[in-house]
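Letter by letter, the chains look like this.
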Protein chains: 2
Amino acid sequence: MLRTHTCGELRPEHIGQTVTLCGWVQLTRDKGGILWIDLRDRYGLTQLALEEGVESDEVRAVARELGREFVISVTGKVAERYSKNLHIPTGEIEIRVEQLEVLNPAKLPPFLIQDDTDGGDDLRMKYRYLDLRRNPVRRNLELRHRVAQATRRFLDGQDFIEVETPVLIKSTPEGARDFVVPSRMNPGEFYALPQSPQTFKQLLMVAGFDRYFQIVKCFRDEDLRADRQPEFTQIDCEMAFVEQEDILNVFEGLIRYLFKEVKQMELTEVPRMTYAEAMRRFGNDKPDVRFGMELTDLTATAQGQGFPVFDSAELVLGINAHNCAPYTRKQIDELTEWVKRPQIGATGLVYARVEADGTVKSSVDKFYSQEELQKWREALLGNPGDLLLLLAGPATRTRKAASELRLEMGRRLGLRDPNTFAPLWVVDFPLLEFLEEEGRYFAMHHPFTSPKPEDLALLDNPATIGQARANAYDLVINGVEIGGGSIRIHDRTVQARMFELLGFSPEEAQAQFGFLLDAFEYGAPPHGGLAFGFDRLCSLFGGSDSIRDFIAFPKNNSGRDVMIDSPSPIADAQLKELSIATAVVGR
Amino acid sequence: MLRTHTCGELRPEHIGQTVTLCGWVQLTRDKGGILWIDLRDRYGLTQLALEEGVESDEVRAVARELGREFVISVTGKVAERYSKNLHIPTGEIEIRVEQLEVLNPAKLPPFLIQDDTDGGDDLRMKYRYLDLRRNPVRRNLELRHRVAQATRRFLDGQDFIEVETPVLIKSTPEGARDFVVPSRMNPGEFYALPQSPQTFKQLLMVAGFDRYFQIVKCFRDEDLRADRQPEFTQIDCEMAFVEQEDILNVFEGLIRYLFKEVKQMELTEVPRMTYAEAMRRFGNDKPDVRFGMELTDLTATAQGQGFPVFDSAELVLGINAHNCAPYTRKQIDELTEWVKRPQIGATGLVYARVEADGTVKSSVDKFYSQEELQKWREALLGNPGDLLLLLAGPATRTRKAASELRLEMGRRLGLRDPNTFAPLWVVDFPLLEFLEEEGRYFAMHHPFTSPKPEDLALLDNPATIGQARANAYDLVINGVEIGGGSIRIHDRTVQARMFELLGFSPEEAQAQFGFLLDAFEYGAPPHGGLAFGFDRLCSLFGGSDSIRDFIAFPKNNSGRDVMIDSPSPIADAQLKELSIATAVVGR
């Protein structure tokens, strides 16, 4: 080794020892008579000292020329510091430098290698290898490592086998867009990169593997947003001979283990809530249950008093913003503009203050008597000082807007503490959803999800198809969907019926998923599973909204890696070998 | 859970308990009065019993109709067996079946689900999910899981961080052929799948990650052989502030740990051998050192006696096949044909028997006196009963043929026991090799490998370039290259010189590897690493020559997954979105 110790391990008990450290120059402070250098590596910072008349002039001359981020090796004795820094673990000692070697000089980095850097996003992505030197970024990836190791340890302990499924698979039309890979050996044919190992893990259940998991890269060629990447990582799991409740229990165990190992937190039991209840109480299938402020249906209460906006609405919803009665007119106007933004979609906001004496004063007093307003107050459990906020309009849109308003008010009121974690299983999702623009049903989870046995009959009547529920579930933490899964179909007939409902002809179903339908005829066990979004799980543990902060080399919103400058054109000879040609419009 | 126990866990202490098991029908034996069923799951086999007059007639009727591989659930009492089978852990008990439910029937499988199956390779690959039900195949993947978990445990304990590097990267011309992925969002541009995370792990060292590893899929679009797959898995590692010896020690530690954890074997120290010595003694840079039979240079000894084949040869090599003097003429003829096969490449074989009285009798007695033949015997340490085998011709080809002959004789003599493990570090590989057909030097390891500092001057003289050695090393076990790596270049100037030697113009080097060259200017630490072939490592532990046996869903020699029928054509709409067209010659 080029060093005897790391920059994070020397303590007072090492005083007097001669040590060799290697690392990067974080900072040089030249006070004339004495020169201090902060030497940094992954493990910490250690102070180096070179004093006039004590350390050699030649070594001090070399040290004077060091720039930020130079890579050096130093040898010297560990000494007690005159002025200790008890904020860092090595703050009681320093190294009196006897030898100093520059292992590699460095140009001045384009941004500061510090916790709070002056580098913008683009610059930090272009020089990601420098960005990764910063403590917060490195700590994110260390956390990711710990979460991965702990996940494997837990699942291995529960008899799960990690099996690597193939990356070069087959393109399927259902679901998101595939990335494809031209095959040189099979001209005109393509592999696809997996959107998930779904069919393979089901085949592993047919193969009797009983309990499978994998921490695995998946790929979706979708237009990107801040929390989406073209390649992302899943904790992918499947179990045989289980029912939904078994899966929830096993993976509740995993989540509790991870909280304990990674966050040193004991989670209480994870509550379950049906999709229908979540939509009713929170207007959202991934409710943030760190706080209340639930949606209250005021349609019946508020209609029939001559207020046209409410009378013509399909749904009137209210929330109670506790202690917000003092909101100024300006604040309320700003909130009204906020709910009218296209991404929220409300047409307006009605408010009502509960005064100190219990009377209610609303923005629509000319339509509502105090008696009527007191009914609102009762329904919303309003106390003096509360602000009641009402939205109205078409049901789906109003529910969504009310849910967003609730989250926004929760944020403004400080009810969404990132250090509080409120996990929740949402269960009993609808099996299918009808997409108007496509004119057909789509699987809400995926085409392999089992209907609830008691709802099977609903599928036989076109009028009730949409009401059928699935044995499908999501794990939601703090309003973020961390994972989801389902009990799968293991019967060829039911699976074929499902493909039919999704608009596949029998021939199409056979061409795309014949291997799975065939497999179901050779003894498929009842099975189910789920997948966690690993990037999101890590960002949740790290207290961040952005999965990019937890990916070593992420891509930008155009799917580009700006550091390596990819994607990029390839040579004509490569295209020819692959039997493809580029056909770029306008070239 | 649909079961209370697995099929592998019931023992005499469970007798009297009512249990529920699920699994596959392995075998039904109907003796009229009593019917036995072997029920199988991943964990084992349990015998079910249904006796006339004891178990119910209805249940017995259902049981009679069961076919092989039906998936069933049974409930009953654990009972002591009349006739115990002590070969299996559950062999002392059976289940007296009270309830039996068919969870899924099964068509008759196309081959027997048994350790020795009647299914050919193609059939087993098409129905891989049935092949995976067989114990030997499942055990291979269980072993793979254990090796992966143990690897992570060891490296995590040594402060290595597992970092996921991207799968969608940039195509580079050096090395093997890339798989590429057209970018929809960047028309006319392509990602490439990584042949290894080489540049990313070096950037992680520049980023100060200090110790990195990853068990990671890699991709090479090469023509396939039995031990090659288009996608394969590496244990990929890198360390900073180390020298070659440190890396050898750390990963020798890993290998010893794996042998202990997975094979319950204590490895002795792993010896080191230079490339030059390996080539001289074994004719091979990955020698199987489980046995001796080393190559002996007989050029000087055997020339000058008028035998034109030897006199005109660049190299004459001999090996001593102990106790093979009794080989018949027919056996020797067969061996001669064997060495003349194109893949071995010798033009003939000279042999000499050491007789009981110590005299030597050769196939070329008319050119060699007994005195001369005794010189051969001395050089080859021949004892009575030994058979001396000599090959001659151009040096490289003769060395290769002699190496193959040595391995073949080792195999025939039973010297290559798969349960004996002889690991070896081969070090000091040449830096470059000259490929006549390309008319230029290529990196023997890869372009990022550091020359030995003492050999740097050799690179300045065209006559000595080929003699420069690299800080590169391979781990070889039983003649198989399990892993390899090198100390990397961390200096921009040396890296630029290396690209120049490999025929890159400065512009080409910048276009392809500019990000790495740039990174080297911002404080790159000395670093090095290695990668193990994970599939091969698992097949070695499993005592198999074929990596395919240790991959859940392998591809065939045409790169096809015959189970899912991939690769396959994709829709025109997909091609259009990706701005590519297929250009298949002859269509």
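- Under an unreviewed UniProt entry, the name given to chain A is Aspartate--tRNA ligase, and the source organism is Hymenobacter aranciens.
- Looking at the Subcellular location (unreviewed entry) heading of the UniProt record, one finds this comment for chain A: "Cytoplasm".
- For the record of chain A, the UniProt heading Sequence similarities (unreviewed entry) holds the text "Belongs to the class-II aminoacyl-tRNA synthetase family. Type 1 subfamily."

1. Observations regarding the interface of chain A and chain B
- Taken together, the contacts link 126 residues of chain A with 126 residues of chain B.
- The tally of links between chain A and chain B comes to 16 salt bridges.
- Our enumeration of links across chain A and chain B arrives at 73 residue pairs in polar contact (both at pLDDT 80 or more).
- The element contributing the most residues to the side of chain A that touches chain B is helix 4 (residues 135-157) of chain A, with eight residues.
- Tallied by class, residues from the side of chain A that touches chain B come to 70 nonpolar, 21 polar and 35 charged.
- Where strand 23 (residues 580-582) of chain A lies against strand 23 (residues 580-582) of chain B, three bridges are found, and the strand directions are antiparallel. Across the sheet, the residue bridging to Ala581(A) is Ala581(B), located in strand 23 of chain B.

2. Description of the sheet that holds strand 13 (residues 315-321) of chain B
Residues and elements named next belong to chain B.
- The five strands are arranged 12-13-16-14-15 in an open sheet whose pairing can be described as antiparallel. The sheet terminates laterally at strand 12 (296-297) and strand 15 (360-362), the two strands that pair on one side only.
- Inspection of the sheet shows strand 14 (residues 350-354) paired to strand 15 by three bridges, in the antiparallel sense. Looking across to strand 15, one finds that Val354 is bridged to Val360.
- Sheet strands in contact with helix 10 (residues 329-339) are strand 14 and strand 16 (387-393), and its direction is about 145° off that of strand 14.
- Those strands touched by helix 11 (residues 370-379) are strand 12, strand 14, strand 15 and strand 16, and its axis lies near 100° from that of strand 15.

3. Quick notes on empty space enclosed by the protein
- Enumeration according to the criterion identifies nine cavities of 30 Å³ or more in this entry.
- Of the voids in this model, the largest cavity is the one considered here, and its volume is about 480 Å³.
- Along the walls of the largest cavity sit 30 residues, with Arg152(A), Ile215(A), Arg152(B), Ile215(B) and Val216(B) positioned nearest its centre.
- Elements that contribute at least two residues to the lining of the largest cavity include exactly helix 4 and strand 9 (211-219) of chain A together with helix 4 (135-157) and strand 9 (211-219) of chain B.
- If one sorts the elements of the lining of the largest cavity by residue count, strand 9 of chain B sits on top with five residues.
- For the lining of the second largest cavity, the elements supplying multiple residues, two or more each, are helix 4 and strand 10 (231-240) of chain A.

4. Let's talk about the packing of helix 4 of chain A against helix 6 (residues 244-263) of chain A
All names here are of chain A.
- The N-to-C vectors of helix 4 and helix 6 enclose an angle of 135°; their axes lie 10 Å apart at closest approach. Considering the angle they form, helix 4 stands oblique to helix 6. Viewed along their axes, helix 4 and helix 6 form a crossing whose handedness is right-handed. Along the contact surface, helix 4 presents Leu143, Arg146, Val147, Ala150, Thr151, Arg153, Phe154 and Leu155, while helix 6 presents Val250, Phe251, Gly253, Leu254, Tyr257, Leu258, Glu261 and Val262.

5. Here we look at the relation of the copies chain A and chain B
- Rotating chain A by 180° and moving it 0.0 Å along the rotation axis overlays it on chain B with an RMSD of 0.1 Å. Within this description, the copies of the chain are treated as partners about a two-fold rotation axis.
- Same-surface contact between copies: 100% of interface residues of chain A are shared with the interface of chain B.

6. Observations regarding the UniProt feature "binding site: L-aspartate" (unreviewed entry) in chain A
Residue and element names in this part refer to chain A.
- Within this structure's numbering, the places UniProt gives as "binding site: L-aspartate" (unreviewed entry) are Glu174, Arg220, His445 and Arg488.
- If you trace the backbone, His445 turns up in the loop between strand 19 (440-443) and strand 20 (472-477).
- Those residues within four positions of His445 in sequence are excluded, and the remaining contacts are Gly484, Gly485, Ser486 and Arg488.

What counts and what doesn't
- Residues numbered from 1 in each chain as written.
- Chains lettered and ligands numbered in written order.
- Predicted model: local features only at pLDDT ≥ 70, side-chain atom pairs only at ≥ 80, totals over all residues.
- Heavy atoms only, no water.
- UniProt positions renumbered as here; feature names shortened; annotations may be inferred.
- Contact = heavy atoms within 4.5 Å.
- Salt bridge = Lys/Arg side-chain N within 4 Å of Asp/Glu carboxyl O.
- Polar contact = N/O pair within 3.5 Å; in protein donor to acceptor, adjacent residues only side chain to side chain.
- Helix = DSSP H or I, 4+ residues; strand = E, 2+ residues; numbered from the N terminus.
- Nonpolar A, V, L, I, M, F, W, Y, C, P; charged D, E, K, R; others polar.
- Pairing = 2+ DSSP bridges.
- Axes fitted to C-alpha atoms, helices over the stretch in contact; angles between N-to-C directions.
- 1 Å grid on protein atoms, 1.4 Å probe; cavity = no way out; pocket = protein on both sides within 12 Å on 5 of 7 lines; lining within 4 Å.
- Points joined across faces, edges and corners; volume = space filled by probe spheres on them.
- Parallel < 35°, antiparallel > 145°, perpendicular 65-115°, else oblique.
- Left-handed = near helix turned anticlockwise from the far one by under 90°.
- Least-squares fit on C-alpha atoms with pLDDT ≥ 70 in both.

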